[in-house]
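Structural features, examined
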Amino acid sequence: MATQLVISGHKLRIPDEETLVGSWVKSLGIEPERKLFSFNGRVIDRGSFLDLTSKTASNLASSGLLPGDRVLIAGENSLDLVISHVACLRLGLVIVPVNVSYTEAGLAFLIEDSKPRAALVDQEEWHELLNSIDSDLFVSSMAVETRSGPNPDLDLAKPEDPALIAYTSGTTGKPKGAIHTQRSLLAGALSVARAWEWTESDRLLLCLPLFHIHGMGIGLHGTLLVGGSAVLQKGFDKDLVFSEIAENNCSMFFGVPTMYQRLVEDERISQLASLRLCVSGSAPLPADLHQQLKDKGGVDVLERYGTTETMLTISNPYLGERRAGSVGFPLPGVEIQIEEESREVLVRGESVFKGYWSKQKETNDSFNSGWFKTGDIAEVSDDNYVTINGRIKELIITGGLNVYPQEVDEVIQAHPEIAEAAVSGVESQEWGEEVVAWIVMEKGINSINIDEVRKYASQYLASYKIPKRLVIVKELPRNALGKVLRHKLREKE
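Everything numeric in this text was worked out from a predicted model, so none of it was measured.

**Some words on the overall build of the chain**
Broken down by element type, the chain carries 14 helices and 26 strands. Its C-alpha atoms give the chain a radius of gyration of 23 Å, within 12% of the compact-globule value 23 Å for 493 residues. Along the longest, intermediate and shortest principal axes, the C-alpha atoms of the chain span 75 × 50 × 45 Å. The burial tally for the chain puts 56% of its 493 residues in the buried class. Here the contacts in the chain between residues at least 6 apart in sequence split such that 66% fall between residues at least 24 apart. Accessible surface for the chain amounts to roughly 21,300 Å². Of this, 47% is attributable to carbon and sulfur atoms. A gap of 1 Å separates the mean positions of the 50 positive and 68 negative side-chain charges of the chain.

Right under this line is the structure:
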């Protein structure tokens, strides 16, 4: 059997009966007049928020919903969405967050798979569509209509009760619904709060989508857990980011590399220096962008790593070196294991999900003796910094040799005339697969010669890793959080 490297984070102690919603109610019950959220000029304090979530939960119960029922929630970031989200969890419902860009086919799949009793959606055009997919579905806007009925008991969920079914991005095959419990969501938010020294005095600028673990499970849940505050934005708008940071005395910003690239190109970038913490995740932060943010913005961005199934598991230190290109060390309560031969990252800890909804075989296949197999590939330095190098399924095997796409991406896009790059394996009779690069040129530059790229790359890469062909495109296909969809590169070739 192959040997493994195991690295553990600090201990994370959570009382046996503690739940996510129980922790929120405790933290928000103190100083009820204290500001909690602001959005588009509307401000809500802790006490008002708890009251509104209680009333919304009562309305949902009056509509016939019972603890354990699944509820789709879809909409752009708003206070109404946050209130509905928390109300559902306080009532013991199981939330199925939905990307607002889903097609009819995607919605039909989610409804067939998760079998929800209700859907709370902002998009009016979805109401009729959802009922055409399932005529028994209770469909409402975020502002649920009041119906007569007794007030329900709230905050009675147990630690192991399901709270969330978060669907994977589905870059290969159908999406799978990862089941998170009250306990796993609590552990995920608490470990980050401890590691990043997040307190009630912090104010987070939150423009990440709330259908995703990064924005919802960390940004929103963490704010409620520590009793801090957040400035919500409908989506990313760099002008709003700069103005809201200044007007609201924000102390934290969570983003993805695409957002940071837009910010660093703006002359106001030095305003980020007023923040105590900027975090990047969901896709690799290029080392040169990390340095630009230091030089121009005066901010040392903290990069971290996680998955839908595990929440955040690895993070650069809040105090200590935030190493460019690395994601750092395991978070409190997390253990990671690196397989020697495959270099796959395995994760164990309380924040790990409990299985895929209605997919026992896929659940069994995803675990090895209690360790979740992430499918991500990593290296560990002598001082235990972890660097993610790509995914096993994205591995290119050319002439019998392994090529990790992310390594090649980083080298090619460091070329001064290339803005972005992503490589993928394309079937080849001679090589099995050959490395092909899709590139986006810098502004004002229209093309580049393959020989020039190969010559540049040869300074840093072994010959078998260097692309044999180039495809110049206007943009790379990405998901909502900026992660490159390599399978779509294959489709375009």
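**Observations concerning the side chain of Asn389**
Residue placement: Asn389 occurs in strand E21 (residues 386-391). Those residues within four positions of Asn389 in sequence are excluded, and the remaining contacts are Arg343, Ile377, Ala378, Glu379, Tyr404, Gln406 and Glu407.

**Side note on the packing of aromatic side chains**
Inspection of the entire model under this criterion finds eleven aromatic pairs. Taken together through their ring pairs, the aromatic side chains of Phe353, Tyr356, Phe367 and Phe372 make up a single cluster. Stacked on the ring of Tyr356, the Lys or Arg Lys176 has its end atom at 5.0 Å from the ring centre. Positioned above the aromatic ring of Tyr385 is the side chain of Arg323, whose terminal nitrogen or guanidinium carbon lies 3.8 Å from the ring centre.

**Description of helix H1 (residues 20-28)**
Burial runs high along H1: seven of the nine residues are buried. All of the buried residues in H1 are Leu20, Val21, Gly22, Ser23, Trp24, Ser27 and Leu28. Those residues of H1 hidden inside the fold are in contact with strand E2 (35-39), helix H2 (46-62), helix H3 (79-91), helix H6 (182-195) and helix H7 (213-226). N-capping of H1 is provided by Thr19, with a side-chain oxygen placed 3.0 Å from the backbone N of Gly22.

**Topic: the sheet that holds strand E26 (residues 469-472)**
Two strands in a sheet stick together by hydrogen bonds in their backbones, pointing the same way (parallel) or opposite ways (antiparallel). Within the open sheet, the three strands sit side by side as E24-E25-E26. Their pairing is mixed. The sheet terminates laterally at strand E24 (418-428) and E26, the two strands that pair on one side only. In this sheet, neighbouring strand axes are inclined to one another by 30 degrees on average, regardless of whether the strands run parallel or antiparallel. Across ten bridges, the pairing between E24 and strand E25 (residues 432-441) is antiparallel. Its bridge partner being in E25, Ala422 is matched across the sheet by Trp438. Contacting E24 and E25, helix H12 (residues 405-412) runs over the sheet at an angle of about 140 degrees to E24.

**Considerations on unusual backbone geometry**
Even without being a glycine, Asp155 presents a positive backbone phi close to 60 degrees. In this fold, Asp155 is placed in the loop between strand E7 (138-140) and strand E8 (162-167).

**Observations concerning helix H8 (residues 238-248)**
Listing the buried residues of H8 in full gives Val241, Phe242, Glu244, Ile245 and Asn248. Looking at the buried side of H8, the elements it contacts are E2, strand E10 (203-206), strand E11 (229-232), strand E12 (252-255) and helix H9 (257-264). The opening residue of H8, the one whose side-chain oxygen lies 2.9 Å from the backbone nitrogen of Asp239, is Asp237. Directly after H8, the chain includes Asn249, whose backbone phi takes a positive value near 50 degrees.

**Considerations on the sheet that holds E10**
Taken in spatial order, the nine strands of this open sheet run E3-E2-E11-E10-E12-E13-E14-E15-E16, and their pairing is mixed. With partners counted over all chains shown, the strands left at the sheet margins are strand E3 (42-45) and strand E16 (329-330), one partner each. Two strands pair when backbone bridges link them, and E10 and E11 are joined in this way by four bridges, in the parallel orientation. Residue Leu205 lies in a different strand from E11, and its bridge partner there is Val231. Of the strands in this sheet, E2, E10, E11 and E12 touch H8, which is tilted by about 165 degrees from E10.

**Points about the state of the cysteines**
Counted under the stated rule, the structure contains zero disulfides. Its sulfur unpaired, Cys207 is 10 Å from the next cysteine sulfur, which belongs to Cys250.

**Section: the environment of Pro162**
Checked against the element boundaries, Pro162 lands in strand E8. Note on Pro162: relative accessible area 41%, which makes it partly exposed. In this structure, the C-alpha to C-alpha distance between Pro162 and Val94, residues 68 residues apart in sequence, is 6.2 Å.

**Focus on the pattern of salt bridges**
Inspection of the entire model under this criterion finds 26 salt bridges. With its nearest N and O atoms 2.8 Å apart, the salt bridge here joins Lys361 to Asp365. Here Lys361 pairs with Asp365, and both are found in helix H11 (residues 360-366), just four residues apart, close to one helical turn. Under the relative-accessibility criterion, Lys361 is labelled exposed at 56%. In this structure, Glu420 engages Arg478 in a salt bridge whose closest nitrogen and oxygen atoms are separated by 2.6 Å.

**Examining the nonpolar core**
Among the nonpolar cores identified, the biggest contains 108 residues, and Phe37, Phe49 and Phe253 are the most heavily contacted of them. Element by element, the count of residues in this core is highest for H3, at nine residues. When residues no more than four places from it in sequence are discounted, the contact partners of Phe253 are Leu204, Leu205, Cys207, Val241, Met259, Tyr260, Leu263, Leu275, Leu277, Cys278 and Val279. Core analysis: the next-biggest nonpolar cluster, separate from the first, contains 19 residues, Ala74, Ala119, Leu129 and Val139 among them.

Parameters and conventions
- Residues numbered from 1 in each chain as written.
- Predicted model: local features only at pLDDT ≥ 70, side-chain atom pairs only at ≥ 80, totals over all residues.
- Heavy atoms only, no water.
- Helix = DSSP H or I, 4+ residues; strand = E, 2+ residues; numbered from the N terminus.
- Rg over C-alpha atoms; globule rule 2.2 N^0.38 Å.
- Buried < 20%, exposed > 50% of the residue type's maximum accessible area, 1.4 Å probe, protein only.
- Contact = heavy atoms within 4.5 Å.
- Areas by Shrake-Rupley, 256 points an atom, 1.4 Å probe, with all protein chains shown as cover.
- Lys, Arg positive; Asp, Glu negative; His and termini not counted.
- Charge placed at Lys NZ, Arg CZ, Asp CG, Glu CD.
- Phe/Tyr/Trp six-rings, centres within 6.5 Å; stacked < 30°, edge-to-face > 60°.
- Lys NZ or Arg CZ within 6 Å of the ring centre and 35° of its normal.
- Polar contact = N/O pair within 3.5 Å; in protein donor to acceptor, adjacent residues only side chain to side chain.
- Pairing = 2+ DSSP bridges.
- Axes fitted to C-alpha atoms, helices over the stretch in contact; angles between N-to-C directions.
- Disulfide = S-S within 2.5 Å.
- Salt bridge = Lys/Arg side-chain N within 4 Å of Asp/Glu carboxyl O.
- Core = buried A, V, L, I, M, F, W, Y, C linked by side-chain atoms within 4.5 Å.

Take it as geometry only, folks, not as evidence of what the structure does.
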